[in-house]
Amino acid sequence: MPRPSPPPGGPGGSGPGGPGGPGEAGDEQARPLPCSAPGAARWSWGRREAGGATAAPGRGTAAAGGGPAGPAPVLLEDGAPAPAGTAPAGAGPAAGRGAGSSPPPVRTDLALEALGGAQPMPGVRVEEDRGEGYVVTRVTVVDQEAARRLGKPPGRYVTIESPGFRKRDRELQERVSNVLARELAAMLPGSPDATFFVVGLGNWNATPDSLGPEVVHRLLVTRHLRAYVPADLRGGLRSVAALAPGVLGLTGIETGDVIRGIVQQIRPDVVIAVDALAARNIERIMTTIQIADTGIHPGSGVGNHRAAVTRESLGIPVVAIGVPTVVHAHTIAYDTLEALTRSLQGQSELFRALGQMPEADKRRLIEEVLGPAVGDLMVTPKEIDVFVEEMATVVASGLNAALHPRLDDIDLSPVFA
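Residues numbered from 1 in each chain as written. Predicted model: local features only at pLDDT ≥ 70, side-chain atom pairs only at ≥ 80, totals over all residues. Heavy atoms only, no water.

## A closer look at the packing of helix 8 (residues 329–344) against helix 10 (residues 359–374)
The condition that has to hold: Between N-to-C directions, angles cover 0 to 180 degrees, with each direction set by a line fitted to C-alpha atoms, over the stretch in contact for helices. Helix numbering and strand numbering both begin at the N terminus, where a helix is a DSSP run of H or I of at least 4 residues and a strand a DSSP run of E of at least 2. Roughly parallel means an angle under 35 degrees; roughly antiparallel, over 145; roughly perpendicular, 65 to 115; everything else is oblique. In this scheme the crossing of two helices becomes right-handed for a clockwise turn of the near helix relative to the far one and left-handed for an anticlockwise turn of less than a right angle. The criterion used for residue contact is that any of the two residues' heavy atoms lie within 4.5 Å. All amino acids are sorted into three groups, where Ala, Val, Leu, Ile, Met, Phe, Trp, Tyr, Cys and Pro are nonpolar, Asp, Glu, Lys and Arg are charged, and the leftover types, Gly among them, are polar.
At a minimum axis distance of 9 Å, the contact between helix 8 and helix 10 shows a crossing angle of 130 degrees. Compared by their axis directions, helix 8 and helix 10 come out oblique. Regarding helix 8 and helix 10, the two cross each other, and that crossing is right-handed. For the pair helix 8 and helix 10, the contacting residues are H330, T331, A333, Y334, L337 and E338 in the first and E359, K362, R363, I366, E367, L370, G371 and V374 in the second. Of the residues assigned to the contact of helix 8 with helix 10, the class counts are six nonpolar, three polar and five charged.

## A few points about helix 10
Definition in use: Note on bend: at a given residue it equals the angle between the axes fitted to the 7 residues ending there and to the 7 starting there. Buried residues are those whose accessible area, probed at 1.4 Å on protein chains only, stays under 20% of the maximum for their type, while exposed residues exceed 50% and partly exposed ones sit between those limits.
At E368, helix 10 shows its maximal kink, close to 35 degrees; a proline, P372, follows between one and four residues later. Taken together, the buried positions of helix 10 are D361, K362, R363, R364, L365, I366, E367, E368 and G371. Immediately beyond the C-terminal end of helix 10, within one or two residues, lies G375, with a positive phi of roughly 60 degrees.

## Re the packing of aromatic side chains
Rule in force here: Aromatic contacts are taken between Phe, Tyr and Trp rings whose centres are within 6.5 Å, Trp giving its six-membered ring; a plane angle under 30 degrees counts as stacked, one over 60 as edge-to-face, and the others as tilted. Consider the ring centre and the ring normal. A charge sits over the ring if Lys NZ or Arg CZ is within 6 Å of that centre and within 35 degrees of that normal.
Evaluated as defined, the whole model comprises zero aromatic pairs. Positioned over the ring face of Y334 is R363, at 3.9 Å from the centre of the ring.

## Remarks on helix 3 (residues 170–185)
Our working definition: To estimate how far a helix should extend, the number of its residues minus one is multiplied by 1.5 Å. The term polar contact refers here to a pair of N or O atoms within 3.5 Å; inside protein, the definition further demands a hydrogen-donor-capable atom paired with an acceptor-capable atom, and it admits residues adjacent in sequence only when both atoms are side-chain atoms.
Across its 16 residues, helix 3 extends 23 Å between first and last C-alpha, which sits within 8% of the 22 Å expected from 1.5 Å per residue. The inward-facing, buried residues of helix 3 abut strand 5 (134–141), strand 6 (155–161), strand 10 (288–292), strand 11 (318–328) and helix 11 (384–403). Measuring from the side-chain oxygen of the N-cap residue of helix 3 to the backbone nitrogen of E171 gives 3.0 Å; that N-cap residue is D169.

## Topic: the pattern of salt bridges
Basically, it comes down to this: Throughout this description, the term salt bridge denotes a Lys or Arg side-chain nitrogen within 4 Å of a carboxyl oxygen of Asp or Glu.
Enumeration over the complete set of coordinates arrives at 19 salt bridges. When the shortest N-O distance is used, the salt bridge between R138 and D129 registers 2.8 Å. Here the salt bridges share partners, and the residues they tie into one network are E127, D129, R138, R182 and E183.

## A look at the pairing of strand 4 (residues 124–131)
For the record, the criterion: Any two strands between which DSSP finds at least two bridges are classified as paired.
Here strand 4 pairs with strand 5 via eight bridges, running antiparallel. Across the sheet, residue R130 finds its bridge partner in strand 5, namely V135.

## Section: the nonpolar core
The following threshold applies: Buried Ala, Val, Leu, Ile, Met, Phe, Trp, Tyr and Cys residues form a nonpolar core when they are joined through side-chain atoms within 4.5 Å.
Core analysis: the biggest nonpolar cluster contains 43 residues, and L188, I272, I289, I291, I321, V395 and L399 have the highest contact counts within it. Discounting residues that sit within four places of it in the chain, L399 has contacts with L184, V198, V215, L219, I272, V274 and I321. Within the second largest apolar cluster, 17 residues are counted, among which are L110, F197, L277 and L314.

Any link to function would need more than the numbers given here.
In structure tokens, the structure reads:
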């Protein structure tokens, strides 16, 4: 997994050393102001000036009583006018930040997490099915406006959640594999002559990023056998090629360029990309599978954007299968802060104020505190090697069943004799 790029710095929206960041002269990192003001409704970033006004971050104004003022989130009461460079919570990506800044990165590859509690949302259709030990959620992004709000291109996103997967229940794993095969088949062409190219994205030397290569190792690859397949087996055993191309840091070649070159040579009907993802919720690690017909942007969940593998870049449909294997350390800190706030906001003015703070500002506060210490630290379970092997088996089994519809009815011994 290539090293992720650093996140934005302080509330001014630039990295370390940039305007408004920790490296600017006279600036210190922001700290929350304990505040017990009744009716407090939102936070904005700024410096406290005389009379309680605020100024844009990064400008060394004087506080009431003299002396330099340190940067701090100032709690504004209902109805107070927003200072220059800030915006009310929920007013768009720049809400609560200085002019020209960008919001903190959304560290998730899952459309279901991007949707969050916004259901229902105009331009988005959501369906849910429940089975024994699993939940299937189908999210369809219909128009560009909904895609802009979610940060996901228009298309279909199917999420299979199985909270008990990490208990290593073999029967549950088999059920999940069958559901994966069913949902995947609905996105693939049903023609018996369809050809497929499966790409296992990721770095096989980094366990949390090795899911794609591990899946490829377990696939039934048949493209080289087409000339030898008996006539009665054709249609049930379709043409499948597979490759684990590695990553830029291992090969010196952009993965997208490798895939594009092979697609131009073998001309498959569909590319299926398998990759490890990043989640926002720690409970989704190795318990969730996402299928999308919109392709994939490798590394986007950890801020390491590489060339896209999509219909637009390859000229043919691309179906992506992903499993979250990592979560950002900032997310764990946020979940901990949320749990403390829920438990203690009735006993403490500080936690009551935190309970009124918008989610975006809480996440920015955590990044301000943890960013210099942990950077883009990603966290994964200590049993990740076992989880990756078992999830790779489940995904590969689902793929084999979807790509070869009559696999269970076929005796393969004549093919491999």
